[in-house]
Amino acid sequence: MGRILIIAEHDGNELNPSTARCVSCAAEFSGLDCDIAVLAKDGQRICEQAATLDGVSNVVRVDNDANEHALAAIHAPQIAKLAEKYSHLFGPSTTFGKDLMPRVAALLGVAQVSDIMSVISHYSFQRPIFAGNAIVTVETPAQDKVVATVRTASYQAAAGGGSATIELRVLDVELPSHTRYRSTSGSNGGGRPDLQSASVVISGGRGLGSEKNFALIYQLADRLGAAVGASRAAVDAGYIANDHQVGQTGQIISPDLYIAIGISGAIQHITGIKDASTIVAINKDADAPIFEIADIGLVGDLFTIIPELELLL
Amino acid sequence: MGKILVCLKRAVDYNVRIRVKPDGSGVITDGVKMSVNPFDEIALEEALRIREKGETDEVVVVSIGTDACQQQLRTGLAMGADRAIQVRTEHSLEPLDVARILVRIVETEKPDLILLGKQAIDGDNNQTGQMLAALWGRPQATFVSELKLSGTTATAVREVDAGLETIEFDLPAVITSDLRLNEPRYVKMPDIMKAKRKPLATTDLEELDITPETRIKVVKTDSPPARQKGKMVADAAELVAELKQRDLA
Ligand SMILES: Cc1cc2nc3c(=O)[nH]c(=O)nc-3n(C[C@H](O)[C@H](O)[C@H](O)COP(=O)(O)OP(=O)(O)OC[C@H]3O[C@@H](n4cnc5c(N)ncnc54)[C@H](O)[C@@H]3O)c2cc1C
């Protein structure tokens, strides 16, 4: 029998909700216990948060000054060391997990399964390819460890209320010094909910026309308590920062309500929103492909419609 | 300084609407337009710009696959690469084997930098660069939107979920490109002619003494559950009414 290890994503202070989504994926592996590894400079607080996730047996705390920032080259050898006791190693399919898990897999000499969206058995999974235009069912060899990323949009966050034990581990692993963290600059969404956990997301596209006009999206988002997203074209044009991009190369999200305004609906954008419960599209072009997948569509000029919505909502 | 290696994958063009075969055995690729994976094209553009700034002497493009991938290598040469290497194989390879092959190339070519796309838009794996860096024991900078070289080190800005992260690392290193790293140049007709005379060396996979394995077996390919076209509303008021009815506003 095996055991699952999830690598926690965090910013040194807070456990990222992507970890709780991985725990829900792990719950689909009947009979396998699930642990969480927290690599941090001082992991106390993160470990306490991880220990409350329902379904987690053990939280493995690995403190090291070198773990202050999540650098794959530094995390990977430590995780490869922890891997000895485990049959399955999971990270979220966020930029954190995508950067890290292939490096772990290669150190272990095994393949990686990217973006698990459903679990068929301990060694069989479904995952999207071609920007989600096809879904493959794959099988991995039972003698190999399964290293994988979990498609976070496919899973709800595990509930709290658990009480896992926290175990301190000191790892005797040589860590490289060839990669050094410098800084992170984020737009932080101006105090708005973040894309991954928001129940409502409002996105703007090239149709907004300028950074100044993009304020219309923020205003509407604030009215609804929504997170703000964007198409690649809007990010490329400088209307909004990159961490708001939704799609194949941005974030894959699964809100209850997604409102796309001035977005044409390219497949790379649709990939990021397919898991939304309800999609609303506002576009002046009645033939825009976004209407093919929208649950509610409204053809018209966003510059008249947004102010009207603000009054009505 | 020396040399940059850029990996180019032959992939279904990003404009093609992918369809799953009715028998679930894969996707339809017959007669479909093939191109250089767009992220790899961006990687190559970056390497060319580095050479144009005088920060490297040579840009070498590598592709692994059947002779059909020579077409993508020629595109790379037409964009401006100096020479090309094809590793010839009929196998469809998993990222781990691609990384193993690239390590062999790295051992002989000894580049200062390897640039590749952060993912190929067919398998969407997003693994090869990271695996190569691990096997090679060198730094990785993934999802890069800005790259600066300074002697034996480099600085990269990475597009991460939290925003933009800056890291510094020693060379040689592996870089995977994100979309905003640059906008690739268009290939001009005379360059295509010139590319025909540039060197393209072919090595058979067997010569590298690597036996590819199928670790991840694809059992079945399905179409994703389709979202249905929904309801059209006439104006903002009707939209809000509809949202209220669905308990969404
Ligand atoms: C490899 C690759 C990866 C990619 N990844 C992503 C990704 O992750 N996310 C992403 O979004 N894109 C991605 N793209 C880009 C994608 O192909 C599209 O180019 C992009 O999504 C288009 O953005 P848009 O819809 O805002 O712009 P456009 O396609 O230009 O659409 C603008 C829309 O606004 C409408 N409009 C204009 N004015 C008004 C008005 N006054 N009122 C109402 N409507 C108006 C127009 O009718 C039009 O439909 C990727 C592309 C590639 C090649």
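Residues numbered from 1 in each chain as written. Chains lettered and ligands numbered in written order. Predicted model: local features only at pLDDT ≥ 70, side-chain atom pairs only at ≥ 80, totals over all residues. Heavy atoms only, no water.

A separate point is the interface of chain A and chain B. Opposite the 80 residues of chain A that make contact, chain B presents 76 residues. Carbon and sulfur atoms make up 54% of the area that chain A and chain B hide from each other, which totals about 6,500 Å². Sorting the residues of chain A by area buried against chain B places R103(A), F130(A) and I296(A) first, and these three jointly supply 10% of that buried surface. Viewed at the interface, chain B and chain A are joined by seven salt bridges. E139(A) is the partner of K217(B) in a salt bridge, and the nearest nitrogen-oxygen pair spans 3.5 Å. The tally of links from chain A across to chain B stands at 39 residue pairs in polar contact (both at pLDDT 80 or more). Residue contributions to the side of chain A that touches chain B peak at eight residues, all from helix α4 (residues 95-108) of chain A. Grouping the constituent residues of the side of chain A that touches chain B by class yields 37 nonpolar, 26 polar and 17 charged. With five bridges connecting them, strand β8 (residues 134-139) of chain A and strand β12 (residues 217-222) of chain B associate as antiparallel partners. Each residue of the ladder has a partner; that of E139(A), found in β12(B), is K217(B). (Contact = heavy atoms within 4.5 Å. Buried area = accessible area lost by both parts, 1.4 Å probe. Salt bridge = Lys/Arg side-chain N within 4 Å of Asp/Glu carboxyl O. Polar contact = N/O pair within 3.5 Å; in protein donor to acceptor, adjacent residues only side chain to side chain. Helix = DSSP H or I, 4+ residues; strand = E, 2+ residues; numbered from the N terminus. Nonpolar A, V, L, I, M, F, W, Y, C, P; charged D, E, K, R; others polar. Pairing = 2+ DSSP bridges.)

Glancing now at the pattern of salt bridges. If you walk through the whole model with that rule in mind, you get 40 salt bridges over all chains. Its salt-bridge partner being D42(A), residue R61(A) comes within 3.0 Å of it at the nearest N-O pair. Taken together, the residues R61(A) in strand β3 (residues 58-63) and D42(A) in the loop between β2 (33-40) and α2 (44-51) connect sequence positions 19 residues apart. Sharing partners across several salt bridges, the network here consists of E94(B), D97(B), R100(B), E213(B) and R215(B).

Taken together, 29 residues are adjacent to the ligand, and R206(A), S231(A), T249(A), S264(A) and N283(A) come closest. Each of chains A and B places residues near the ligand. Here an oxygen atom of the ligand sits 3.1 Å away from a polar atom, N or O, in the main chain of Q248(A). Measuring from an oxygen atom of the ligand, one finds a backbone N or O atom of G250(A) at 3.3 Å. Here the ligand, which alone exposes 990 Å², has 85% of that area covered by the protein. Mapped by element, the contributors of at least two residues to the shell around the ligand are α6 (232-236), α7 (267-270) and α9 (302-312) of chain A together with α1 (38-52) of chain B. When the residues that make up the shell around the ligand are grouped by side-chain class, the tally is 10 nonpolar, 14 polar and five charged. (Near = heavy atom within 4 Å. Areas by Shrake-Rupley, 256 points an atom, 1.4 Å probe, with all protein chains shown as cover.)

Before going further, it helps to spend a moment on the environment of E174(A). One can find E174(A) in the loop between β10 (165-168) and β11 (179-185). Separated by 100 residues in the primary sequence, E174(A) and I74(A) have C-alpha atoms spaced 9.1 Å apart.

Turning our attention to helix α2 (residues 70-79) of chain B. The set of residues buried in α2(B) consists of Q72(B), L73(B), G76(B), L77(B), A78(B) and M79(B). One or two steps after α2(B), the chain reaches G80(B), where phi turns positive at roughly 140°. (Buried < 20%, exposed > 50% of the residue type's maximum accessible area, 1.4 Å probe, protein only.)

Once that is clear, we can look at the domain arrangement of chain A. Residues and elements named next belong to chain A. Splitting chain A by domain gives domain 1 (3-168) and domain 2 (200-312). On a C-alpha basis, the centres of domain 1 and domain 2 stand 31 Å from each other. Listed per partner, the contact involves six residues of domain 1 and eight residues of domain 2. Surface buried jointly by domain 1 and domain 2 totals about 610 Å² across both partners, of which 37% is contributed by carbon and sulfur atoms. When the buried area of domain 1 at its contact with domain 2 is split by residue, A131, R151 and A153 rank highest and sum to 68% of it. (Domains from an automatic or database assignment.)

Turning our eyes to something else, we now look at unusual backbone geometry. Residue and element names in this part refer to chain B. Note the cis peptide between L171 and P172, where omega equals 0°. Mapped onto the elements of the fold, P172 is located in the loop between β9 (163-170) and β10 (173-177). Phi is positive for D124, close to 50°, though the residue is something other than glycine. Tracing the sequence through the fold places D124 in the loop between β6 (113-117) and α4 (128-136). Since its relative accessible area comes to 9%, D124 is described here as buried. Although it is not a glycine, N126 sits at a positive phi angle of roughly 60°. Summarising the element assignment, N126 is placed in the loop between β6 and α4.

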